[in-house]
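Summary of the model geometry
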Amino acid sequence: MLLKFSRQKKLEMPCEVLRKAIDTSNVRRMELLVGHKSLADTFSDYADERSILHYAIRKGSVDTVGFLLNRKSGRERAASLCGKSEASGNTALHLAAASGDVAKLGLVLDLHKYGRVTKDAIETRNAKNKLPLALALEAGHFEAAELLLGRGARPLKPLAKGESIEPECPHT
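Residues numbered from 1 in each chain as written. Predicted model: local features only at pLDDT ≥ 70, side-chain atom pairs only at ≥ 80, totals over all residues. Heavy atoms only, no water.

Here the focus is the overall build of the protein chain. Across its full length, the protein chain carries 9 helices and 0 strands. For the protein chain, the N- to C-terminal ordering of α and β elements is α-α-α-α-α-α-α-α-α. By residue count, 40% of the 172 residues in the protein chain fall in the buried class. For the protein chain, long-range pairs separated by at least 24 residues make up 67% of all intrachain contacts whose partners lie at least 6 apart in sequence. For the protein chain, the exposed area adds up to about 10200 Å²; of that, 53% sits on carbon and sulfur atoms. (Helix = DSSP H or I, 4+ residues; strand = E, 2+ residues; numbered from the N terminus. Buried < 20%, exposed > 50% of the residue type's maximum accessible area, 1.4 Å probe, protein only. Contact = heavy atoms within 4.5 Å. Areas by Shrake-Rupley, 256 points an atom, 1.4 Å probe, with all protein chains shown as cover.)

Let us look at the nonpolar core. In terms of nonpolar packing, the biggest core is built from 34 residues, with Ile22, Ile57, Leu68, Leu105, Val108 and Leu148 touching the most fellow members. Every element with two or more residues in this core is listed here: helix H1 (13–23), helix H2 (27–35), helix H3 (46–59), helix H4 (62–70), helix H6 (92–99), helix H7 (102–113), helix H8 (132–138) and helix H9 (142–150). Residue contacts for Val108: discarding those within four places in its chain leaves Ile57, Leu69, Cys82, Ala92, Leu93 and Ala96. (Core = buried A, V, L, I, M, F, W, Y, C linked by side-chain atoms within 4.5 Å.)

The subject of this paragraph is the packing of aromatic side chains. Across all of its chains, the model carries 0 aromatic pairs by this definition. Directly above the ring of Tyr55 sits Arg19, whose terminal nitrogen or CZ lies 5.4 Å from the centroid. (Phe/Tyr/Trp six-rings, centres within 6.5 Å; stacked < 30°, edge-to-face > 60°. Lys NZ or Arg CZ within 6 Å of the ring centre and 35° of its normal.)

Right, let's get into H6. A large share of H6 lies buried, amounting to 6 of its 8 residues. When H6 is considered as a whole, its buried residues turn out to be Ala92, Leu93, His94, Leu95, Ala96 and Ala97.

On to the pattern of salt bridges. As enumerated under the stated definition, the model contains 6 salt bridges in all. Between Arg19 and Glu16 there is a salt bridge whose closest N-O contact spans 3.3 Å. Pair noted here: Arg19 and Glu16 are both in helix H1, with a separation of 3 residues, about one helical turn. Here Asp110 makes a salt bridge to Arg151, at a shortest N to O gap of 3.2 Å. With Asp110 in helix H7 and Arg151 in the segment after H9, the pair connects residues that are 41 residues apart, well separated along the chain. (Salt bridge = Lys/Arg side-chain N within 4 Å of Asp/Glu carboxyl O.)

Moving on: H2. Buried within H2 are the following residues: Met30, Leu33 and Val34. Considered in projection along H2, the buried side chains sweep an arc of 95 degrees and stay on one side of the axis. Facing away from the buried side of H2, by more than 90 degrees, are the exposed residues Arg28 and Gly35. (Arc of directions from axis to C-beta.)

Moving on to the environment of Leu39. Mapped onto the elements, Leu39 comes out in the loop between H2 and H3. C-alpha of Leu39 to C-alpha of Cys15: the two residues are 24 residues apart in sequence and 7.8 Å apart in space.

Residues of the protein chain with pLDDT of at least 70 account for 66%, and the chain-wide mean is 76. Predicted confidence is poor over residues 165–172, with pLDDT under 50, and the contacts of this stretch with residues over four places away or in other chains come to 5 contacts. (pLDDT = per-residue confidence, 0-100.)

Turning our eyes to something else, we now look at the side chain of Asn90. Within the fold, Asn90 resides in the loop between helix H5 (75–83) and H6. By relative accessible area, which is 13% here, Asn90 ends up buried. At 3.0 Å, the side chain of Asn90 and the side chain of Ser88 are in polar contact. Within polar-contact distance, the side chain of Asn90 engages the side chain of Asn126 at 2.9 Å. (Polar contact = N/O pair within 3.5 Å; in protein donor to acceptor, adjacent residues only side chain to side chain.)

Okay, structure coming up:
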């Protein structure tokens with residue numbers, strides 16, 4: 001019963017089963033799934049693996065995020081995934097800061113602290129030119145903001161040469 005796929009669903013099903021394990025915070029099931037050969041392709045594709053990590057940050061428990069970040073076979077990969085962004089430009093750090101879950105944010109920052117995430121990851125802007133600190137503050141997650149400040153986030157990081165922040169106008 002663990003994983004039996006139809007040919008049509010062979011690519012989508014492993015991720016869906018893993019997402020359900022994340023939804024229910026079932027780390028033991030996640031361990032079994034990640035070790036299964038049908039998910040090997042998923043975890044060899046950065047886009048799929050990043051998608052699963054981002055999903056866990058949004059919907060999973062601290063244990064599920066910790067499992068994905070600390071898997072023996074993927075610690076360095078997890079660190080590189082933390083710096084990758086999704087279509088909206090949000091990195092794992094942006095998502096963790098916006099969620100307000102200080103424990104998840106701490107897990108992502110711990111990779112940063114030990115040099116497993118690039119030095120400027122804490123000050124990377126998303127597609128809307130927002131820093132993780134700004135996302136935490138806008139959502140009213142002051143403990144998350146304090147944690148970011150304590151780990152080196154600068155409240156007013158200057159824009160790089162050529163960058164600009166365009167004001168958002170709701171009427172356009």
